[in-house]
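Inside the fold
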Amino acid sequence: MLKECLFCKIIAGSIKSEKVYEDEHVFAFKDIHPKAPIHVLIVPKQHIDSLAKLDESNADVLKPVFLAAQKIVKEEGVLERGFRTVFNCNPEGGQLVYHLHLHLLAGKQLGGGMGA
Ligand code: 5GP
Ligand code: ZN
């Protein structure tokens with residue numbers, strides 16, 4: 001837990017969020033500015049700044065993040081319709097919060113582009 005990290009505070013419950021899913025490794029909650037009818041942020045409980053800071057010692061955090069994404073889309077009933085997952089990384093990748101998180105977007109026809 002990083003004292004100054006927004007998502008660490010959300011995981012700890014000191015900042016409120018709309019929780020969608022939680023297990024031992026992962027906390028998932030609704031994005032405050034949703035870009036789709038379903039826009040969930042899936043966050044490993046272990047604080048890692050970004051994908052740029054992954055290495056052999058911490059890369060195991062990704063597995064439960066993707067498994068949580070699959071559980072959530074099943075629960076939301078959009079597995080077959082489809083969904084998108086995105087990691088933003090560093091300034092030109094559009095990252096605003098420096099606690100690794102996977103965006104899960106679903107519930108409408110998403111554009112074919114990559115948002116470039
Ligand atoms: P990033 O640009 O870092 O990939 O995405 C950060 C996301 O966090 C943004 O989509 C933003 O809307 C969301 N966000 C920022 N602050 C809060 C907050 O306090 N609560 C929630 N639920 N989402 C937040
Ligand atoms: Zn954090």
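In what follows, the structure referred to is the one given above.
Residues numbered from 1 in each chain as written. Chains lettered and ligands numbered in written order. Predicted model: local features only at pLDDT ≥ 70, side-chain atom pairs only at ≥ 80, totals over all residues. Heavy atoms only, no water.

**Some remarks on the environment of Met 1**
Of note, Met 1 is situated in the segment before helix H1 (6–12). The spacing of Met 1 and Ile 11 is 10 residues in sequence and 9.0 Å in space, taken between C-alpha atoms. (Helix = DSSP H or I, 4+ residues; strand = E, 2+ residues; numbered from the N terminus.)

**Considering the pairing of strand S2 (residues 26–30)**
Each regular strand shows side chains that alternate between the opposite faces of the sheet. In terms of residue burial, S2 counts as a mostly covered element, since 4 of its 5 residues are buried. Across 3 bridges, strand S1 (residues 19–22) lies against S2 in antiparallel orientation. The partner of Tyr 21 across the bridge, within S2, is Ala 28. In this sheet, strand S3 (residues 38–44) lies alongside S2 in antiparallel orientation, the contact comprising 5 bridges. Across the sheet, the residue bridging to Phe 27 is Val 43, located in S3. (Buried < 20%, exposed > 50% of the residue type's maximum accessible area, 1.4 Å probe, protein only. Pairing = 2+ DSSP bridges.)

**Quick word on the packing of aromatic side chains**
Two measures describe an aromatic ring pair: the distance that separates the ring centres and the angle between the ring planes. Under the counting rule described, the total for this entry stands at 3 aromatic pairs. Aromatic side chains Phe 7 and Phe 29 sit 5.3 Å apart centroid to centroid with 80° between the ring planes, which places their arrangement in the edge-to-face category. Here the residue Phe 7 occupies a position in helix H1, and Phe 29 occupies one in strand S2, the gap between them amounting to 22 residues. For the pair Phe 7 and Phe 29, a shared accessibility class is recorded, and that class is buried. Their ring planes at 45° and their centres at 6.0 Å tell us that Phe 27 and Phe 29 sit as a pair that is tilted. Taken together, the ring pairs in this structure connect Phe 7, Phe 27 and Phe 29 into an aromatic cluster. (Phe/Tyr/Trp six-rings, centres within 6.5 Å; stacked < 30°, edge-to-face > 60°.)

That is the geometry; function is a separate question.
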